[in-house]
Amino acid sequence: MPPNYLPQVRSQYEALPYPPRDPEDDRKRLALTWLEDLPMINHYCFAGKQSFQNGFRALVAGAGTGDATIFLAEQLRTTNAEVVHLDMSEASTALAKERADIRGLTNITWVHDSLLNLPTLGLGKFDYINCSGVLHHLADPDLGFRALRSVLKDDGAIGLMVYATTGRTGVYQMQALMRLVNGTQTDDLHKLANTRDLLASLPPSNWFMRSEDLVHDHKAGDAGIYDLLLHSQDRSYSVGELFDWLGDGAKEGQHSGHGMHLAFTDVQRGRSPYLPHMVLGNKPPVMANALRQLPRRRQYEMAELMIGNIITHSLYVTRDASCTAPYGNAEYVPFFFHEPLTGEMAAQVFGSNRGQPFILKHQHSRMSLMVNPGKYGAKILGLIDGRKSFGEIFDQFRAEWHGKAAAPNNEVLFADFAESYEALNALDRLLLKHPEADAVAAN
Ligand SMILES: C[S@@+](CC[C@H](N)C(=O)[O-])C[C@H]1O[C@@H](n2cnc3c(N)ncnc32)[C@H](O)[C@@H]1O
């Protein structure tokens, strides 16, 4: 393997594969990854029209011990799709292979190499590339991103996760502290012992201790402690820096960005922690509506600072905004996702204040937001069953209409339902698919 990787990073992941996984656990449960749920990929990357049936190709770059590889391969088991697992750590890949063997998965290709070699590896082009927790460990993350793009189909998408600066404030202070404590020490076991020793004694006022509940790795053994607090190559990004880098580019005089569209989706919370009106939803300030009118990027930058607890940025990077399934097209089928939510349950919640704005307290994400369900929001939610399109839902709505005036047309119903949709979609609890995708899948 040409040595275009950082030797100390490679030796870390050979000695301590990450995340630590016991292949035997695969007999009992399937580990899910937030970005790789196919309905999410379909909604945010393929405008809801991807059937995953026509030779779909996925690459997991810096795939580690295999969570994303295995989850994708399991979901694509009955298709002719291929999943390519690429990592420079042999030890990590060996664990991932063992997991795949236990599951009897035969749709994975294993590549032991540096992702920086992707432009010349001859692996072909991919519809979807996952690169989670990897680019921030490269000497030149942009070189890594360009390597990924070189093997991405024109209409393909990248599911990316990189560290977030604000939420990891305490982590970076702890890393700085450990560099001071460990000095010229090169023995990893010694460094780990020092870290454990100190963690047990730090006062609650320490910034890592103050924000300890945001991270878990240091409680998950040596691999976790090393990855979180002793990593030799680790950088983070603010959401603004990601827009600069991957989106429309930085301020004048700096290099231009990749011009791609960024759809953020924080684990369990969707894009809600990037939206000031959702972050402040419990007790909206006077300025809440004014903030909502600001450009998307500015809102996201403010929300990241307001909420403070985004520790990683998870996002789909696509060629443009049209890759997200559009709201307002009657052909699309809305469906609840990530929770066993039914139309009936959602109708009850959204109808609880007789059509007036109410505070939606969402338990799983711990987000609270003010929602205006409109005149018809609760009724429309009640008709969602994951099979009917908006057009069919609205037809049924009109068939059951008892008002004196004429029943509202699709345009009026879409406008009325917009805020209910936005609230649930921002939490990634309500997604869209186009019937075209299901039709191919059924053939
Ligand atoms: C923090 S782990 C993340 C693993 C996996 N993506 C996940 O989220 O579970 C980082 C992984 O990236 C791999 N890696 C780092 N630099 C790489 C490179 N240049 N080429 C290929 N893999 C690399 C490491 O070997 C390691 O397995």
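Keep in mind it's a predicted model, so treat the numbers as computed, not measured. (Residues numbered from 1 in each chain as written. Predicted model: local features only at pLDDT ≥ 70, side-chain atom pairs only at ≥ 80, totals over all residues.)

## What to know about the overall build of the chain
Here comes step 1: Each helix and strand counted, the chain has 18 helices and 11 strands in total.
Here comes step 2: Here the C-alpha radius of gyration of the chain, 23 Å, is about what a compact globule of 443 residues would show, namely 22 Å.
Here comes step 3: Each principal axis of the C-alpha atoms in the chain carries an extent, and together these give about 80 × 55 × 50 Å. (Helix = DSSP H or I, 4+ residues; strand = E, 2+ residues; numbered from the N terminus. Rg over C-alpha atoms; globule rule 2.2 N^0.38 Å.)

## Considering the domain arrangement of the chain
Here comes step 1: Split by domain assignment, the chain resolves into domain 1 (7-163), domain 2 (167-229), domain 3 (239-323) and domain 4 (333-442).
Here comes step 2: For domain 1 versus domain 2, the distance between C-alpha centres works out to 28 Å.
Here comes step 3: Contact with domain 1, which involves seven residues of that partner, is made by nine residues of domain 2.
Here comes step 4: Residue composition of the side of domain 1 that touches domain 2, grouped by class: six nonpolar, one polar and no charged. (Domains from an automatic or database assignment. Contact = placed C-beta atoms within 7 Å. Nonpolar A, V, L, I, M, F, W, Y, C, P; charged D, E, K, R; others polar.)

## Re the site of the ligand
Here comes step 1: Lining the immediate surroundings of the ligand are 22 residues, of which Tyr13, Gly62, Gly64, Ser89 and Ser132 lie closest.
Here comes step 2: Taken together, the residues of the shell around the ligand sort by class into 11 nonpolar, eight polar and three charged. (Near = placed C-beta within 6 Å.)

## Some remarks on the packing of helix H10 (residues 239-246) against helix H13 (residues 296-307)
Here comes step 1: Interaxial distance between H10 and H13 falls to 8 Å at its minimum, and their mutual angle equals 145 degrees. Residues Val239, Gly240 and Phe243 of H10 pack against Arg297, Tyr300, Glu301 and Glu304 of H13.
Here comes step 2: Tallied by class, the residues present in the contact of H10 with H13 amount to three nonpolar, one polar and three charged. (Axes fitted to C-alpha atoms, helices over the stretch in contact; angles between N-to-C directions.)

## With respect to the sheet that holds strand E2 (residues 82-87)
Here comes step 1: In space, the seven strands of this open sheet follow the order E3-E2-E1-E4-E5-E7-E6, with mixed pairing throughout. Of all strands in the sheet, those bounded by a partner on one side alone are strand E3 (108-112) and strand E6 (261-264). Averaged over all neighbouring strand pairs, the angle between strand axes comes to 20 degrees, with direction disregarded.
Here comes step 2: Sheet topology places strand E1 (residues 57-61) next to strand E4 (residues 126-132); three bridges connect them, and they run parallel. Residue Val60 lies in a different strand from E4, and its bridge partner there is Asn130.
Here comes step 3: Lying on the sheet, helix H4 (residues 90-103) is in contact with E2 and E3; it crosses E3 at an angle near 170 degrees. (Pairing = 2+ DSSP bridges.)

## Side note on the pairing of strand E7 (residues 312-318)
Here comes step 1: Most of E7 sits out of view: seven of its seven residues are buried.
Here comes step 2: Burial of the side chains of E7 extends over both faces: Thr312, Ser314, Tyr316 and Thr318 are buried on one face and His313, Leu315 and Val317 on the other.
Here comes step 3: Bridging between strand E5 (residues 152-163) and E7 involves six bridges; their strand directions are antiparallel. Within the sheet, the bridge partner assigned to Met161 lies in E7 and is Ser314.
Here comes step 4: Pairing geometry for E6 and E7, over four bridges, is antiparallel. Bridge pairing links Phe264 to Leu315 in E7. (Buried ≥ 20, exposed ≤ 12 C-beta atoms within 10 Å, placed from the backbone.)

## Re the environment of Gly48
Here comes step 1: For Gly48, the location among the structural elements is in the loop between helix H2 (38-45) and E1.
Here comes step 2: Separated by 47 residues in the primary sequence, Gly48 and Leu95 have C-alpha atoms spaced 33 Å apart.
Here comes step 3: Excluding residues within four positions of it along the chain, Gly48 makes contact with Asn42, His43, Ala325, Tyr332, Leu432, Lys433, His434 and Ala437.

## What to know about the nonpolar core
Here comes step 1: Grouped together as the largest cluster of nonpolar side chains are 105 residues, with contacts concentrated most on Val60, Ala61 and Leu148.
Here comes step 2: Core analysis: the next-biggest nonpolar cluster, separate from the first, contains 14 residues, Leu16, Met174, Tyr226 and Leu230 among them. (Core = buried A, V, L, I, M, F, W, Y, C linked by C-beta atoms within 7 Å.)

## Some points on the environment of Gln8
Here comes step 1: Assignment of secondary structure puts Gln8 in helix H1 (residues 7-15).
Here comes step 2: The exposure class assigned to Gln8 is exposed, which follows from the 10 C-beta atoms found within 10 Å.
Here comes step 3: A C-alpha to C-alpha distance of 25 Å links Gln8 and Phe208, two positions 200 residues apart in sequence.

## Describing the environment of Phe243
Here comes step 1: Relative to the elements of secondary structure, Phe243 occurs in helix H10.
Here comes step 2: In sequence terms Phe243 and Gly259 are 16 residues apart; their C-alpha atoms lie 8.9 Å from each other.
Here comes step 3: Excluding anything up to four places from it in sequence, Phe243 contacts Asp248, Leu262 and Arg297.

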